Amino acid sequence: MEHIEKLQSNEKDSKNGKNGGDVPNKKLAILALASIPLVMTLGNSMLIPVLPAMEKQLNISSFQTSMILTVYSIVAIVLIPVAGIISDHIGRKKVIIPSLLIAGIGGLISGWAAWKMNDSYWLILVGRAIQGIGAAGAAPIVMPLVGDMFKNEDEMSTSLGIIETSNTFGKVLSPILGSLLAGFIWFLPFFSFPVFCLISIILMLFLVNTKNMEFEPVPFKQFFANIKETFNNNGRWLYAIFIIGAILMFVLFGVLFYLSDILEKTYDIKNVKKGFFLAIPLGALCTASFITGKIIKENKVLMKWLIFGGSVLTAISIAVLSFSDGLWFMIILFLFGGVGIGVGLPCLDTLITEGIEKQERGTITSIYSSMRFVGVAAGPPAIAVLMNHAEKSLFYILSILALIAAIATFKAIKPDAE
């Protein structure tokens, strides 16, 4: 890859002791930063097991229900690159904290509408859109901030693995916590989100010090010229990573939507029990992400083949799903699919964070995050349509998409052997 030389120069800096601060403080900072993707994931995924109950309470269609998830992501998709550009100029922390506050306000609006209004669907969507505005400037900015903190590649890949694990742990916790809260009052998950945002704000304020990570912003004209040059020099593998990230999240959230619906409507598994069933494949994804972050270090060849192998494993497991709708057969195959996605995501995060200069890192990684949100947004409504019109074919469609991700990895990501 074209970015190998940049990464080698960073490694030299780290060996000279320029790793930007003492390790204990960085460990606390990573803890604080890891809370942000966890909270943002809870804000969206916590609603997945509650969707059938929302459909009944609000008297809306399955497609309308899926839009409660999707509107959050659509707004974030548009605004994530803007947040990334701003963070490259005013600093990461100055973007993250106000964004967490905005996201919490959006949760309050949705919760109040569901609690107090008879015809609350549209105001719930407005609140979810405001949450999406906050989400755009929160979790996606964590990745470039981690890149700013570490010049040593091993530390960076391990920390990014922790961040991705926090993200996936949010997906594990979400169905259980969402089902538990909704078991008391169906709209309680909306009100819990601002509380989580407040916790992350407090952690950011007291545990994350970015004074030694500030850099002189490049003038906008030169900045955009640099971005253009980055894509000219690295476009092949960057575009591939964007596409792969979008596909993996599309498959993941499509599968979660399908499984949530089938568990309730076919097997009459509801509430917390359904949350535990959903947590099985997500737990496999979380574990795979954590282990991958620990082992990849700076080995970019290994990263490529883990992304490739994970995509192939996901494709095979989903294709086999078409042969049976047995409960444990589905859960086990979704578990394998979760492992496949789980090994791929930390590798994608590390490749794109290590491969971009600090002054442009927020912008480029935010485009990657935006593409992941495209997958999150498109997955549930696409699967809702396929379930109504072509349920059997949805497995083959998802499987083909995962194979496209594998092919893109094989063709476009070409790190040097060293």
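This structure is a prediction, so every number in the text was calculated from the model and none was measured.

Colleague: In this structure, what is going on with the nonpolar core? I would like to understand it.
Modeller: Taken as a class, soluble globular proteins show a tendency for nonpolar side chains to be buried jointly. Residues Leu33, Ile36, Met40, Met54, Ile244 and Tyr258 are the most contacted members of the largest nonpolar core, which totals 126 residues. Among the elements that make up this core, the one with the highest residue count is helix H10 (residues 220–265) (23 residues). Apart from the residues lying within four places of it in its own chain, the contact partners of Ile36 are Ile96, Leu100, Ala138, Ala139, Val142, Ser200 and Met204.

Colleague: Is there a simple way to explain unusual backbone geometry in this structure?
Modeller: Backbone geometry follows two general trends: most residues other than glycine have a negative phi, and most peptide bonds adopt the trans configuration. With a phi close to 55°, Asn59 is a non-glycine residue in the positive phi region. If you trace the backbone, Asn59 turns up in the loop between helix H3 (51–58) and helix H4 (62–90). For Asp268, which is not glycine, the phi torsion reads 55° and is therefore positive. You can see Asp268 is positioned in the loop between H10 and helix H11 (271–296). The class of Asp268 is exposed, set by a relative accessible area of 55%.

Colleague: Any chance you could explain H11 here in plain terms?
Modeller: Note on helix geometry: an α-helix contains 3.6 residues per turn, so any two residues three or four positions apart are oriented the same way. With 26 residues, H11 should reach 38 Å at 1.5 Å per residue; the first-to-last C-alpha distance of 37 Å fits that figure. Residue Ile280 marks the point of greatest curvature in H11, where the axis turns by about 35°; the proline Pro281 follows within four residues. One or two residues past the end of H11 sits Lys297, with phi positive at roughly 45°.

Colleague: Could you clarify how one ought to interpret the environment of Val95 in this entry?
Modeller: Turning to its location among the elements, Val95 is positioned in helix H5 (residues 93–116). Along the sequence, Val95 and Ile296 sit 201 residues apart, while their C-alpha atoms lie 30 Å from each other. Excluding residues that lie within four positions of it along the chain, Val95 makes contacts with Ala83, Ile86, Ser87, Ile90, Gly137 and Ile141.

Colleague: Sorry if this is basic, but what is going on with the packing of aromatic side chains here?
Modeller: How two aromatic rings sit relative to each other is set out by the distance from centre to centre and by the angle between their planes. What the rule picks out here adds up to 13 aromatic pairs. Here Trp115 and Phe191 contribute two aromatic rings whose centre-to-centre distance is 6.1 Å and whose plane-to-plane angle is 85°, an arrangement assigned as edge-to-face. Here Trp115 is found in helix H5, whereas its partner Phe191 is found in helix H9 (residues 188–207), with 76 residues between them in sequence. Classification of Phe191 by relative accessible area gives partly exposed; the value is 24%. By the ring-pair criterion, three or more aromatic residues cluster together here, those being Trp115, Trp186, Phe187 and Phe191. Positioned above the aromatic ring of Trp115 is the side chain of Lys116, whose terminal nitrogen or guanidinium carbon lies 4.1 Å from the ring centre. The aromatic ring of Phe410 is capped on one face by Lys304, whose charged end is 5.4 Å from the ring centroid.

Colleague: What is the right way to read the pattern of salt bridges from this model?
Modeller: When the charged atoms of two side chains lie near each other, side chains of opposite charge can form a pair. Taken as a whole and assessed by the stated rule, the structure comprises 7 salt bridges. One salt bridge connects Arg92 with Asp148, and the closest N-O pair in it is separated by 2.8 Å. Of the two residues, Arg92 is situated in the loop between H4 and H5 and Asp148 in helix H7 (residues 139–149); the sequence distance between them amounts to 56 residues. Looking at Arg92, the relative accessible area reads 3%, which means it is buried.

Colleague: How should a nonpolar patch on the surface be read in this particular structure?
Modeller: Together, Ile162, Phe290, Ile291 and Ile295 give the surface a local cluster of nonpolar side chains, amounting to about 340 Å² of exposed area. A total of 3 residues in the nonpolar patch trace back to one element, the largest contributor, which is H11. Inspection of the secondary structure assignment puts Ile291 in helix H11. You can call Ile291 partly exposed: its relative accessible area is 45%.

Colleague: What should I look at first to understand the packing of H4 against helix H6 (residues 121–136) in this one?
Modeller: For any two helices packed against each other, one specifies the inter-axial angle together with the distance between the axes. Interaxial distance between H4 and H6 falls to 7 Å at its minimum, and their mutual angle equals 30°. Relative to H6, the element H4 is oriented roughly parallel. As H4 packs across H6, the resulting crossing turns out to be right-handed. When H4 is examined against H6, the residues Gln64, Met67, Ile68, Leu69, Val71, Tyr72, Val75, Ala76, Leu79, Ile80 and Ala83 are found in contact with a partner set consisting of Tyr121, Leu125, Arg128, Ala129, Gln131, Gly132, Ile133, Ala135 and Ala136. Here the residues of the contact of H4 with H6 sort into 16 nonpolar, 3 polar and 1 charged.

About the cut-offs
- Residues numbered from 1 in each chain as written.
- Predicted model: local features only at pLDDT ≥ 70, side-chain atom pairs only at ≥ 80, totals over all residues.
- Heavy atoms only, no water.
- Core = buried A, V, L, I, M, F, W, Y, C linked by side-chain atoms within 4.5 Å.
- Buried < 20%, exposed > 50% of the residue type's maximum accessible area, 1.4 Å probe, protein only.
- Helix = DSSP H or I, 4+ residues; strand = E, 2+ residues; numbered from the N terminus.
- Contact = heavy atoms within 4.5 Å.
- Expected span 1.5 Å × (residues − 1).
- Bend = angle between axes of the 7 residues up to and from the residue.
- Phe/Tyr/Trp six-rings, centres within 6.5 Å; stacked < 30°, edge-to-face > 60°.
- Lys NZ or Arg CZ within 6 Å of the ring centre and 35° of its normal.
- Salt bridge = Lys/Arg side-chain N within 4 Å of Asp/Glu carboxyl O.
- Patch = residues over 30% accessible without salt bridge, like charges linked within 9 Å, V, L, I, M, F, W, Y side chains within 5 Å.
- Areas by Shrake-Rupley, 256 points an atom, 1.4 Å probe, with all protein chains shown as cover.
- Axes fitted to C-alpha atoms, helices over the stretch in contact; angles between N-to-C directions.
- Parallel < 35°, antiparallel > 145°, perpendicular 65-115°, else oblique.
- Left-handed = near helix turned anticlockwise from the far one by under 90°.
- Nonpolar A, V, L, I, M, F, W, Y, C, P; charged D, E, K, R; others polar.

No statement about biological role is implied by the geometric values presented.
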